[in-house]
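# A structural walkthrough
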Amino acid sequence: MAASSRAQVLRLYRALLRESQRFGGYNYRTYAIRRIRDAFRENKNIKDSEKIEELVNKAKANLEVIHRQQAKLPVQLCVAKYCAVLRRSLAVSHLSNIIDSSNS
(Lines give C-alpha, C1' and ligand atoms only; values in the text may rest on other atoms or scores of the structure.)
Protein backbone atom coordinates (compact mmCIF):
# COMPACT_ATOMS: atom_id res chain seq x y z
CA MET A 1 0.00 0.00 0.00
CA ALA A 2 1.34 3.43 -0.89
CA ALA A 3 2.13 5.83 1.92
CA SER A 4 -0.66 8.19 0.88
CA SER A 5 -3.17 5.33 0.84
CA ARG A 6 -2.00 4.20 4.25
CA ALA A 7 -2.35 7.73 5.60
CA GLN A 8 -5.80 8.03 4.04
CA VAL A 9 -6.93 4.74 5.59
CA LEU A 10 -5.59 5.74 9.01
CA ARG A 11 -7.36 9.13 8.81
CA LEU A 12 -10.57 7.36 7.88
CA TYR A 13 -10.15 4.85 10.74
CA ARG A 14 -9.61 7.65 13.26
CA ALA A 15 -12.56 9.64 11.89
CA LEU A 16 -14.85 6.60 12.19
CA LEU A 17 -13.75 5.97 15.77
CA ARG A 18 -14.05 9.64 16.69
CA GLU A 19 -17.54 9.95 15.26
CA SER A 20 -18.64 6.69 16.87
CA GLN A 21 -17.58 8.05 20.26
CA ARG A 22 -20.32 10.66 19.86
CA PHE A 23 -23.17 8.13 19.95
CA GLY A 24 -25.22 8.81 23.05
CA GLY A 25 -26.25 5.25 23.80
CA TYR A 26 -23.60 3.04 25.35
CA ASN A 27 -24.70 -0.04 23.37
CA TYR A 28 -24.66 1.79 20.01
CA ARG A 29 -21.29 3.36 20.79
CA THR A 30 -19.54 0.16 21.87
CA TYR A 31 -21.05 -1.84 19.00
CA ALA A 32 -19.91 0.71 16.42
CA ILE A 33 -16.40 0.92 17.84
CA ARG A 34 -16.07 -2.86 18.01
CA ARG A 35 -17.30 -3.28 14.41
CA ILE A 36 -14.91 -0.62 13.13
CA ARG A 37 -11.91 -2.15 14.88
CA ASP A 38 -12.82 -5.67 13.79
CA ALA A 39 -13.34 -4.65 10.15
CA PHE A 40 -10.04 -2.79 9.95
CA ARG A 41 -8.14 -5.64 11.65
CA GLU A 42 -9.75 -8.19 9.36
CA ASN A 43 -8.69 -6.27 6.25
CA LYS A 44 -5.26 -5.00 7.35
CA ASN A 45 -3.32 -7.49 5.21
CA ILE A 46 -5.06 -6.80 1.91
CA LYS A 47 -2.62 -5.78 -0.82
CA ASP A 48 -4.94 -5.51 -3.84
CA SER A 49 -5.33 -1.79 -4.58
CA GLU A 50 -8.79 -2.24 -6.12
CA LYS A 51 -10.04 -4.07 -3.04
CA ILE A 52 -8.50 -1.41 -0.79
CA GLU A 53 -10.23 1.32 -2.79
CA GLU A 54 -13.54 -0.55 -2.53
CA LEU A 55 -13.17 -0.90 1.24
CA VAL A 56 -12.18 2.77 1.62
CA ASN A 57 -15.29 3.83 -0.31
CA LYS A 58 -17.44 1.58 1.87
CA ALA A 59 -15.89 3.07 5.02
CA LYS A 60 -16.50 6.61 3.71
CA ALA A 61 -20.14 5.73 3.07
CA ASN A 62 -20.41 4.37 6.62
CA LEU A 63 -18.88 7.57 7.97
CA GLU A 64 -21.54 9.57 6.13
CA VAL A 65 -24.23 7.36 7.66
CA ILE A 66 -22.82 8.04 11.12
CA HIS A 67 -22.83 11.78 10.38
CA ARG A 68 -26.46 11.65 9.24
CA GLN A 69 -27.52 9.64 12.29
CA GLN A 70 -25.87 12.09 14.64
CA ALA A 71 -27.33 15.06 12.77
CA LYS A 72 -30.83 13.61 13.19
CA LEU A 73 -30.39 12.79 16.86
CA PRO A 74 -30.60 16.37 18.27
CA VAL A 75 -33.72 17.03 16.18
CA GLN A 76 -35.29 13.79 17.39
CA LEU A 77 -34.46 14.70 20.98
CA CYS A 78 -35.97 18.18 20.54
CA VAL A 79 -39.13 16.72 19.05
CA ALA A 80 -39.36 14.16 21.86
CA LYS A 81 -38.91 16.88 24.50
CA TYR A 82 -41.46 19.10 22.76
CA CYS A 83 -43.95 16.24 22.63
CA ALA A 84 -43.43 15.50 26.32
CA VAL A 85 -43.98 19.16 27.22
CA LEU A 86 -47.04 19.31 24.98
CA ARG A 87 -48.51 16.16 26.57
CA ARG A 88 -47.94 17.57 30.04
CA SER A 89 -49.54 20.90 29.18
CA LEU A 90 -52.52 19.17 27.58
CA ALA A 91 -52.92 16.95 30.62
CA VAL A 92 -52.78 19.98 32.94
CA SER A 93 -55.25 21.81 30.72
CA HIS A 94 -57.56 18.81 30.72
CA LEU A 95 -57.33 18.49 34.50
CA SER A 96 -58.04 22.17 35.00
CA ASN A 97 -61.12 21.85 32.74
CA ILE A 98 -62.33 18.90 34.83
CA ILE A 99 -61.75 20.84 38.05
CA ASP A 100 -63.51 23.93 36.64
CA SER A 101 -66.49 21.90 35.50
CA SER A 102 -66.78 20.13 38.87
CA ASN A 103 -66.69 23.47 40.71
CA SER A 104 -69.58 24.85 38.64
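Treat the numbers as computed from the prediction; the structure is a model and nothing was measured.

Along the protein, the regular secondary structure elements total three helices and zero strands. Listed by position from the N terminus, the elements making up the protein come as α-α-α. Scored against the burial criterion, the 104 residues of the protein give a buried share of 17%. Within the protein, counting contacts between residues at least 6 apart in sequence, those at least 24 apart form 61% of the total. A total accessible area of about 8,300 Å² is found for the protein, and carbon and sulfur atoms account for 56% of it.

End to end, helix α2 (residues 26-42) covers 24 Å across 17 residues, agreeing with the expected 24 Å (1.5 Å per residue, within 8%). Here α2 has its buried residues at A32, I33 and I36. Projected down its long axis, α2 carries its buried residues within an arc of 95°, all on one side. Exposed residues lying more than 90 degrees from the buried face of α2 are Y26, N27, R41 and E42.

As for its placement among the helices and strands, E19 is situated in helix α1 (residues 3-20). On the basis of relative accessibility, which here comes to 11%, the residue E19 falls in the buried class.

With that settled, consider the pattern of salt bridges. Applying the stated criterion across every chain yields a total of three salt bridges. The partner of E19 in a salt bridge is R22, and the shortest N-O contact between them spans 3.2 Å. For E54, the salt bridge identified is with K51, shortest N-O distance 3.7 Å. Pair noted here: E54 and K51 are both in helix α3 (residues 49-103), with a separation of three residues, about one helical turn. Given the relative accessible area of 48%, E54 is considered partly exposed. Taking the relative accessible area as the measure of exposure, K51 reaches 32% and is therefore partly exposed.

Further remarks concern the environment of F23. Within the fold, F23 resides in the loop between α1 and α2. Between the alpha carbons of F23 and I66 there is a distance of 8.8 Å; along the sequence they are 43 residues apart. Beyond its immediate chain neighbours, meaning those up to four positions away, F23 contacts Y28, R29, A32, I66, Q69 and Q70.

Parameters and conventions
- Residues numbered from 1 in each chain as written.
- Predicted model: local features only at pLDDT ≥ 70, side-chain atom pairs only at ≥ 80, totals over all residues.
- Heavy atoms only, no water.
- Helix = DSSP H or I, 4+ residues; strand = E, 2+ residues; numbered from the N terminus.
- Buried < 20%, exposed > 50% of the residue type's maximum accessible area, 1.4 Å probe, protein only.
- Contact = heavy atoms within 4.5 Å.
- Areas by Shrake-Rupley, 256 points an atom, 1.4 Å probe, with all protein chains shown as cover.
- Expected span 1.5 Å × (residues − 1).
- Arc of directions from axis to C-beta.
- Salt bridge = Lys/Arg side-chain N within 4 Å of Asp/Glu carboxyl O.

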